[in-house]
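# Inside the fold
This is what each chain is made of:
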Amino acid sequence: MEKIRSGQAFLYREKGLHSTVIDTHMKETICGDSLKKALAKAIQRYPYLSQKMIEQNGDFYLIENPMPFVLDKPSELHSLGSAEINYHLIDVTYQDQHICVAFHHGLCDGQGIKPFVETLLYYYCTYKYQTKFNAPLIKLAGEPLLPDETKEPLGDGKFDVLDADLPVINKDGYALPDAINQSDEKTYYRYEVNINQSNFIKFAKENNATPSIAMALLTSQAIKNIYPDADKPILCNLASNMRPELNLDHTYKNCVNSLYLPYSVDLEKLTFKDQAIAYRKMLNEQKQPNVVKTSANSMVYLSDKLDELPSYEAKQKMMSFFNNISLNTFIISYMGQSQLGECEQHIDSMHMYSSGTTGLVLNMLSVGENITIDFLQSFETEKYINAFIHVLNESDLDFKVSEQIEFRTPSDTASRQSQVVA
């Protein structure tokens with residue numbers, strides 16, 4: 001029985017934690033038998049994903065779950081940790097041309113689930129097309145776990161940090177008017193934006209930008225076009241993988257912090273390329289190992305404080321500020337390039353989305369010919385996507401945008417019920 005530490009902050013939401021879903025659009029209709037065999041094979045490589053959550057005195061633990069996974073075609077996604085999926089914290093479903101993998105952030109983060117998704121898709125393509133595809137970076141059943149693959153990032157106390165000055169980071173961003181004072185019963189909307197990958201990478205390289213920096217700048221420009229008189233910088237909260245700086249390259253557990261990219265009045269006056277150079281400097285300062293370890297130590301401190309509280313109710317009260325938090329001005333999360341090799345010829349695009357977050361979130365994934373942006377918002381207006389489309393056109397990017405999609409991913413059962421599942 002292993003106590004949850006790095007995912008602990010996700011476990012005390014008043015109405016449960018919403019699933020995060022990685023939704024792969026295949027080019028052909030899904031074969032259920034092939035996917036069933038692929039799931040059985042893939043989970044052999046990732047046995048730690050076959051766990052359930054129990055609660056004792058307000059603390060949550062992961063224990064082995066020997067019950068089988070339920071693979072079906074539901075009209076709606078299942079609640080993670082529920083009896084209908086045998087209390088599992090990941091769930092694989094399919095419908096038409098979609099393979100969906102839902103995961104619980106108490107178990108892992110996006111980088112932690114990504115290798116499993118890639119292995120699952122590899123085996124699915126292998127069984128469906130009766131072909132052995134060349135995908136040398138895929139982790140296969142029978143291969144040993146990597147040394148730090150199951151290591152808890154926040155499990156050994158605080159990280160050693162140098163006595164040095166930390167960079168001054170502006171975290172005070174402009175609040176989107178649409179995200180202010182939203183009710184608890186929000187409706188969530190998303191747009192699927194597919195950008196030609198070679199076109200986008202060429203644009204980014206010409207401007208000395210990474211994909212994340214280019215997207216942060218384009219989004220900031222779009223929002224500034226809507227609010228030219230914003231009284232604070234348009235602020236990008238960039239989700240950042242801490243694994244390299246913590247020497248935990250392969251852990252599947254939550255290991256992410258936020259980096260901050262303010263789009264200030266002074267920055268706005270520069271060329272796009274010089275803006276990208278300025279953002280690179282900001283990121284380099286915030287990605288120094290000493291800075292990242294200091295951020296991780298803040299998470300250790302929060303978990304330590306939670307551990308001192310005597311009950312579920314006390315911990316939930318302490319974490320109540322998360323229930324309707326909105327990060328100004330927007331969030332970007334980039335999962336990086338897929339490792340699917342020749343299997344990519346059968347994949348149209350890959351998407352990641354979750355409801356439950358107030359405000360504006362952009363989730364990026366790269367697979368095959370596309371970089372996909374899931375443009376998520378907790379309000380209905382189309383002014384943000386229209387402004388975003390405008391800056392993409394101004395940058396001569398090749399892209400397609402879906403119609404507005406109303407969606408909701410279910411909240412979990414495991415942490416919401418606060419009871420031991422025997």
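Each residue is numbered by its place in its chain's sequence as written, counting from 1. Reporting in this predicted model follows two pLDDT cut-offs: at least 70 for local features of residues, and 80 or more for side-chain atom pairs to be given and counted; totals over whole chains, interfaces and linings ignore these cut-offs and use all residues. Side-chain metrics in this entry use all non-hydrogen atoms of the structure; hydrogen atoms and water are not considered.

### Brief notes about the overall build of the protein chain
Under the DSSP-based scheme used, a helix requires at least four consecutive residues in state H or I and a strand at least two consecutive residues in state E, with every element numbered from the N terminus. Counting its secondary structure elements, the protein chain contains 10 helices and 15 strands. Taken over C-alpha atoms, the radius of gyration is set against a globule rule of 2.2 Å times the number of residues to the power 0.38. At 21 Å, the protein chain has a C-alpha radius of gyration in line with the 22 Å of a compact globule built from 422 residues. If one aligns the C-alpha atoms of the protein chain with their principal axes, the spans along those axes are about 60 × 55 × 40 Å. For the protein chain, long-range pairs separated by at least 24 residues make up 75% of all intrachain contacts whose partners lie at least 6 apart in sequence. We call two residues in contact when some of their heavy atoms are within 4.5 Å.

### With respect to helix α8 (residues 289-308)
An expected span of 1.5 Å times one less than the residue number is assigned to each helix. Taking 1.5 Å per residue, 20 residues should reach 28 Å; α8 reaches 28 Å between its end C-alpha atoms and fits that length. All buried positions along α8 are accounted for by Asn290, Val291, Val292, Ala296, Asn297, Val300, Ser303 and Leu306. Its buried side turned inward, α8 meets α5 (243-246), α7 (272-286) and α9 (312-318). Exposed residues in this analysis have more than 50% of their type's maximum accessible area, buried residues have under 20%, and partly exposed residues fall in between, with area computed by a 1.4 Å probe over protein chains only.

### Topic: the side chain of Ser366
In this fold, Ser366 is placed in strand β12 (residues 360-367). Every residue in contact with Ser366, bar those within four places of it in the chain, is listed here: Gln197, Tyr334, Gly336, Gln337, Ser338 and Ile371.

### Concerning the environment of Met299
Along the polypeptide, Met299 turns up in helix α8. Residue class for Met299 comes out partly exposed when judged on its relative accessible area of 26%. As a C-alpha pair, Met299 and Lys158 span 141 residues in sequence and 9.2 Å in three-dimensional space. Beyond its immediate chain neighbours, meaning those up to four positions away, Met299 contacts Leu154, Met242, Val256 and Asn257.

### Remarks on the nonpolar core
What makes a nonpolar core is a set of buried Ala, Val, Leu, Ile, Met, Phe, Trp, Tyr and Cys residues whose side-chain atoms join them at distances within 4.5 Å. In this structure, Leu49, Ile99, Ile113, Phe116 and Leu120 are the most contacted members of the largest nonpolar core, which totals 52 residues. Every element with two or more residues in this core is listed here: β2 (20-26), α1 (32-45), β4 (59-64), β5 (90-95), β6 (98-103), α2 (110-129), β11 (347-353) and β12. At nine residues, the largest contribution of residues to this core is made by α2. For Phe116, the residues in contact, after removing those within four places along its chain, are Leu39, Ala42, Ile43, Tyr46, Leu49, Ile90, Val92 and Val101.

### Remarks on a nonpolar patch on the surface
The residues that make up patches have over 30% relative accessible area and no salt bridge, and they are joined within 9 Å when like-charged or within 5 Å when they are Val, Leu, Ile, Met, Phe, Trp or Tyr. Note on areas: Shrake-Rupley with a 1.4 Å probe; residue coverage comes only from the protein chains shown. One speaks of a salt bridge when a side-chain nitrogen belonging to Lys or Arg is within 4 Å of a carboxyl oxygen belonging to Asp or Glu. Among the surface-exposed residues, Phe321, Ile325 and Leu327 lie close enough to one another that they form a single nonpolar patch of about 250 Å² accessible area. On the secondary structure map, Ile325 appears in the loop between α9 and β10 (330-337).

### What to know about a negative patch on the surface
A surface patch of negative charge is lined by Glu380, Glu382, Glu403 and Glu406. Mapped onto the secondary structure, Glu382 falls in the loop between β13 (370-377) and α10 (383-394). Counted as positive: Lys and Arg. Counted as negative: Asp and Glu. His and the chain ends are not counted at all. For charged residues, the charge sits on one atom: NZ in Lys, CZ in Arg, CG in Asp, CD in Glu.

### Some points on the sheet that holds β4
Any two strands with at least two DSSP-identified bridges between them are counted as paired. Here we have three strands laid out as an open sheet, ordered β1-β4-β3, and antiparallel in their pairing. Looking along the sheet, the strands with just one partner apiece sit at the ends: β1 (2-3) and β3 (51-56). As paired strands, β3 and β4 are joined by six bridges and run antiparallel to one another. From the neighbouring strand, Gln51 faces β4, where its bridge partner is Glu64.

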